[in-house]
Amino acid sequence: MSPPVAPPGWSRWLVPPAALSVHLSIGQAYAWSVFKPPLESALGLSGTQSALPFQLGIVMLGLSAAFGGTLVERNGPRWAMTVALICFSSGFLLSALGAATEQYWLIVLGYGFVGGIGLGIGYISPVSTLIKWFPDRPGMATGIAIMGFGGGALIASPWSAQMLESFGSDSSGIALAFLVHGLSYAVFMLLGVLLVRVPRSEKPVESAPSAFDGPQVSARNAVRTPQFWCLWIVLCMNVTAGIGILEKAAPMITDFFKETSTPVSVSAAAGFVALLSAANMAGRIGWSSTSDLIGRKNIYRVYLGVGAVMYALIALFGDSSKPLFILCALVILSFYGGGFATIPAYLKDLFGAYQVGAIHGRLLTAWSTAGVLGPLIVNWIADRQESAGKSGSDLYSLSFMIMIGLLVVGFVANELVRPVSARHHIPAPREAADVTARQQSESA
């Protein structure tokens, strides 16, 4: 499938909605928790078992983005969005079959493995194209798209809950909900497939610089640089700190204020989770746009440095002030979302636009690592503290101290980022195809 080239007069502002249609769809992953209780009840699953499709999906997101990034660059955004559509929708259809026949392994295979491939390919599908269309504002452009992934659950959560209420929460009702999801998301993602275009030239806007100005580095060379691994650490630490709160948000705020005069109700805890989702989504567009003004290195100093201060405030004073706890948590989650949205532009600044999508895909293995590391730290320590007879905020104090340490590690890694050595540069953008062909011949 050849990348569709924009005709003369095509507006670049049509590309972000194409990207959003994909990211809003695959952002449903953050709403998986809606299906956990019905699945546990209908199929007799434990909490650990019902989480398996989501966990496998996040692992496959990182792996498919890493291994499929070069294919995305080579074949273009329409091919990538089509693959994402087929895998993500097929995952729901397989899950529907699994629920209808009460074969849980089919749900794990469908949503986790097949759908997870759709998550990874869909996540990176518009990144390189957006940066090429918006060389003057790459942070804002990628922020608009990646905002959709953070906000997808705001649509999917109430929609899924309403379907389960209407269809029933038994196996047949779950199967029907999965079926509707698969078909609906296929139609919505098809809008992006049909709408996306690549620019006709390196300068889609005359007054803007070319996306290929400055050094260009191939994905193969990028992973050999210390800059890539510094950014891997930066992203991993930032995501670990954010997901540590996001994954356990409702029980965490309940535990913090359980023994106070103002305990948090179940409905209030659910409202807190919704607020965190909104902060996650707002941070993706707000902070990434700010990075266009103050620079990528500076914005990560904010994410990591101020994030550590927020964690310290929660650890020291969070249980004495509910507004302080909520404010600090919202700021941390905005940094969590902002970190995802800003990293493609940071990669473009260092490695150029030539294979930025493939490089971004490889870097997302940091997300897979953090997706395991963050919840593991918070849950394991909370369980140990509870076994030791502690309660309330004491369940989380140690894990918050660890998060502060991880953010400091990320801050140091960000400070170590320097321009990429000239020995890793490709000669020029127009020679990139020849360089790639030669490298592939050498490795064959």
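Refer to the structure printed above.
Owing to the predicted nature of the structure, the values given are computational and were not obtained by experimental measurement.

## Observations concerning the overall build of the protein chain
Then comes step 1: Of the regular secondary structure elements, the protein chain holds 18 helices and 0 strands.
Then comes step 2: Against the 2.2 N^0.38 benchmark of 22 Å for 444 residues, the protein chain shows a C-alpha radius of gyration of 22 Å, consistent with a compact globule.
Then comes step 3: Considered along the principal axes of its C-alpha atoms, the protein chain spans approximately 65 × 50 × 40 Å.
Then comes step 4: Across the 444 residues of the protein chain, 55% fall into the buried class.
Then comes step 5: Considering only contacts in the protein chain between residues 6 or more positions apart, those separated by 24 or more positions represent 84%.
Then comes step 6: Carbon and sulfur atoms form 65% of the exposed surface of the protein chain, whose accessible area is close to 17200 Å².
Then comes step 7: On the protein chain, the mean spot of the 26 positive side-chain charges and the mean spot of the 22 negative ones are 10 Å from each other.

## Let's talk about helix H10 (residues 226–246)
Then comes step 1: Across its 21 residues, H10 extends 30 Å between first and last C-alpha, which sits within 8% of the 30 Å expected from 1.5 Å per residue.
Then comes step 2: Most of H10 sits inside the fold, with 18 of its 21 residues counted as buried.

## Section: the side chain of Ser25
Then comes step 1: Summarising the element assignment, Ser25 is placed in helix H1 (residues 15–26).
Then comes step 2: Other than its neighbours up to four places away in sequence, Ser25 contacts Phe88, Tyr185, Phe188 and Met189.

## Concerning helix H15 (residues 356–363)
Then comes step 1: Counted residue by residue, H15 has 7 buried out of 8 residues, so it is predominantly covered.
Then comes step 2: All buried positions along H15 are accounted for by Val356, Gly357, Ala358, Ile359, His360, Gly361 and Leu363.

## Let's talk about the packing of aromatic side chains
Then comes step 1: Summed over all chains, the structure comprises 30 aromatic pairs.
Then comes step 2: Ring centres 5.7 Å apart and planes at 90° place the aromatic pair Trp159 and Tyr185 in the edge-to-face group. Remark: Tyr185 occurs in helix H8 (residues 171–195) and Trp159 occurs in helix H7 (residues 138–167); sequence separation between them is 26 residues.
Then comes step 3: Since its relative accessible area comes to 29%, Trp159 is described here as partly exposed.
Then comes step 4: The cationic tip of Arg197 hangs over the ring face of Trp10; the distance from NZ or CZ to the ring centre is 4.6 Å.
Then comes step 5: We note Lys322 situated over the ring of Phe257; from NZ or CZ to the ring centre the distance is 5.6 Å.

## A short note on a nonpolar patch on the surface
Then comes step 1: A surface patch of nonpolar side chains, about 390 Å² in accessible area, is lined by Leu93, Phe167, Leu176, Leu179 and Leu183.
Then comes step 2: For the nonpolar patch, the element with the most residues is H8, which contributes 3 residues.
Then comes step 3: By the secondary structure assignment, Leu183 is in helix H8.

## Re the packing of H10 against helix H14 (residues 322–351)
To describe two helices that pack against each other, one gives the angle between their axes and the distance between the axes.
Then comes step 1: Where H10 meets H14, the closest approach of the two axes is 8 Å, and the angle between their N-to-C directions is 160°. Judged on the interaxial angle alone, H14 and H10 are roughly antiparallel. Viewed along their axes, H10 and H14 form a crossing whose handedness is left-handed. On H14, the residues touching Gln227, Phe228, Leu231, Leu235, Asn238, Val239, Ala241, Gly242, Ile243, Ile245 and Leu246 of H10 are Ala329, Ile332, Leu333, Phe335, Tyr336, Gly339, Phe340, Ile343, Tyr346, Leu347, Leu350 and Phe351.
Then comes step 2: Residues of the contact of H10 with H14, tallied by class, amount to 19 nonpolar, 4 polar and no charged.

Procedures and definitions
- Residues numbered from 1 in each chain as written.
- Predicted model: local features only at pLDDT ≥ 70, side-chain atom pairs only at ≥ 80, totals over all residues.
- Heavy atoms only, no water.
- Helix = DSSP H or I, 4+ residues; strand = E, 2+ residues; numbered from the N terminus.
- Rg over C-alpha atoms; globule rule 2.2 N^0.38 Å.
- Buried < 20%, exposed > 50% of the residue type's maximum accessible area, 1.4 Å probe, protein only.
- Contact = heavy atoms within 4.5 Å.
- Areas by Shrake-Rupley, 256 points an atom, 1.4 Å probe, with all protein chains shown as cover.
- Lys, Arg positive; Asp, Glu negative; His and termini not counted.
- Charge placed at Lys NZ, Arg CZ, Asp CG, Glu CD.
- Expected span 1.5 Å × (residues − 1).
- Phe/Tyr/Trp six-rings, centres within 6.5 Å; stacked < 30°, edge-to-face > 60°.
- Lys NZ or Arg CZ within 6 Å of the ring centre and 35° of its normal.
- Patch = residues over 30% accessible without salt bridge, like charges linked within 9 Å, V, L, I, M, F, W, Y side chains within 5 Å.
- Salt bridge = Lys/Arg side-chain N within 4 Å of Asp/Glu carboxyl O.
- Axes fitted to C-alpha atoms, helices over the stretch in contact; angles between N-to-C directions.
- Parallel < 35°, antiparallel > 145°, perpendicular 65-115°, else oblique.
- Left-handed = near helix turned anticlockwise from the far one by under 90°.
- Nonpolar A, V, L, I, M, F, W, Y, C, P; charged D, E, K, R; others polar.

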